[in-house]
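# Notes for the structure review
Listed here are the chains, written in short residue letters.
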Amino acid sequence: MKPHQTAFLELALEHEVLKFGQFTLKSGRISPYFFNLGKIASGSSLRRLAGAYADALLASGIEFDLLFGPAYKGIPLVAAVSCALAERGRDLPFAYNRKEAKDHGEGGVLVGAPVDGRRVVIIDDVLTAGTALRQSHALLQQAGATTVAAMTALDRQEVGPNGRSAVQELAAEAGIAVLPLVTVRDLLAHLSRSGGDAATIAAINAYQAQYGVKD
């Protein structure tokens, strides 16, 4: 596991971004873990999170020249990741969208740097159904940008009713590669190495056996 992945998982566990127990998801499934990046709510924790995103982006080898944050959670995240990249020698522009078009002033739904002609990485927290990423991709296309990838914090590696994961759906339908900071398999490996609760590890393994993607 890469250092930025370990750093992110330590941060997530420290701030209860990851919680364990029994949680009913929107799908109706009972999950043994729950992920809520909204628990990162201080300057120091956001800086650590943004650093993990920045290190992952730099390690990915992807060529990009603009970051985009979908409203609303993606807005503070993309700004923080942009700052973290600047600290690492990559001073890149960023943009984000409004939920509703502004009918006065500069108008429109896009805010920040111009996106036309840019190679864009979408920065978001977690991929569930992929709705926000699809909407962002369409918005960027209309504005003349090219979405080269999307980066999220966690890939649950879980299939939907059609037998494919949200990551697989986005790759097949929109050609968007989704790069997670960590996957649920990375989480399991980290818990095993760090002496995590055996019952929790067993419950996540059982859940993935039932709902997880098959290699």
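Residues numbered from 1 in each chain as written. Predicted model: local features only at pLDDT ≥ 70, side-chain atom pairs only at ≥ 80, totals over all residues. Heavy atoms only, no water.

In the nomenclature of an unreviewed UniProt entry, the protein corresponds to Orotate phosphoribosyltransferase from the organism Hydrocarboniphaga daqingensis. The Cofactor (unreviewed entry) field of the UniProt record for the protein holds the comment "Mg(2+)". Of the protein, the UniProt comment under Pathway (unreviewed entry) reads exactly: "Pyrimidine metabolism; UMP biosynthesis via de novo pathway; UMP from orotate: step 1/2." (UniProt positions renumbered as here; feature names shortened; annotations may be inferred.)

What follows covers the overall build of the protein. Looking only at helices and strands, the protein features seven helices and eight strands. Relative to the 2.2 N^0.38 estimate, which gives 17 Å for 215 residues, the radius of gyration of the protein is 17 Å and therefore close to what a compact globule would have. Considering only contacts within the protein whose residues lie at least 6 apart along the sequence, 72% involve residues at least 24 apart. Treating the 21 positive side-chain charges of the protein as one cloud and the 21 negative ones as another, the clouds have centres 2 Å apart. (Helix = DSSP H or I, 4+ residues; strand = E, 2+ residues; numbered from the N terminus. Rg over C-alpha atoms; globule rule 2.2 N^0.38 Å. Contact = heavy atoms within 4.5 Å. Lys, Arg positive; Asp, Glu negative; His and termini not counted. Charge placed at Lys NZ, Arg CZ, Asp CG, Glu CD.)

Turning to the UniProt feature "binding site: orotate" (unreviewed entry) in the protein, a few remarks are in order. Mapped onto this structure's residue numbering, the UniProt feature "binding site: orotate" (unreviewed entry) falls at F34, F35, T128 and R156. In this view, R156 contacts L25, S31, Y33, V184, Y207 and Q208; residues no more than four positions away in its chain are not counted. Polar side-chain contacts of R156 include one of 3.0 Å to the side chain of E158. (Polar contact = N/O pair within 3.5 Å; in protein donor to acceptor, adjacent residues only side chain to side chain.)

Attention now moves to the pattern of salt bridges. Applying the stated rule across the entire model yields 10 salt bridges. When the shortest N-O distance is used, the salt bridge between E14 and R48 registers 3.2 Å. Placement of the pair is E14 in helix α1 (residues 3-14) and R48 in helix α2 (residues 43-60), with a sequence separation of 34 residues. Taking relative accessible area as the criterion, E14 reaches 52% and is therefore assigned exposed. The partner of D55 in a salt bridge is R88, with the nearest N and O atoms 2.6 Å apart. Taken together, the residues D55 in helix α2 and R88 in the loop between α3 (74-87) and β4 (94-102) connect sequence positions 33 residues apart. Given the relative accessible area of 34%, R88 is considered partly exposed. Salt bridges sharing partners connect three or more residues here, namely R47, D55, E87 and R88. (Salt bridge = Lys/Arg side-chain N within 4 Å of Asp/Glu carboxyl O. Buried < 20%, exposed > 50% of the residue type's maximum accessible area, 1.4 Å probe, protein only.)

Here we come to the environment of G108. Looking at the element boundaries, G108 is found in strand β5 (residues 108-112). Here the alpha-carbon distance between G108 and N162, two residues 54 residues apart in the chain, equals 36 Å.

Helix length check: helix α4 (residues 131-142) (12 residues) gives 17 Å between terminal C-alpha atoms against 16 Å at 1.5 Å per residue, within 8%. Three or more residues of α4 are buried, namely L133, S136, H137, L139 and L140. One side of α4 holds all its buried residues, which, seen down the axis, span an arc of 165°. For α4, the exposed residues lying more than 90 degrees away from the buried face are Q135, Q141 and Q142. The first or second residue beyond α4 is G144, which carries a positive phi of 90°. (Expected span 1.5 Å × (residues − 1). Arc of directions from axis to C-beta.)

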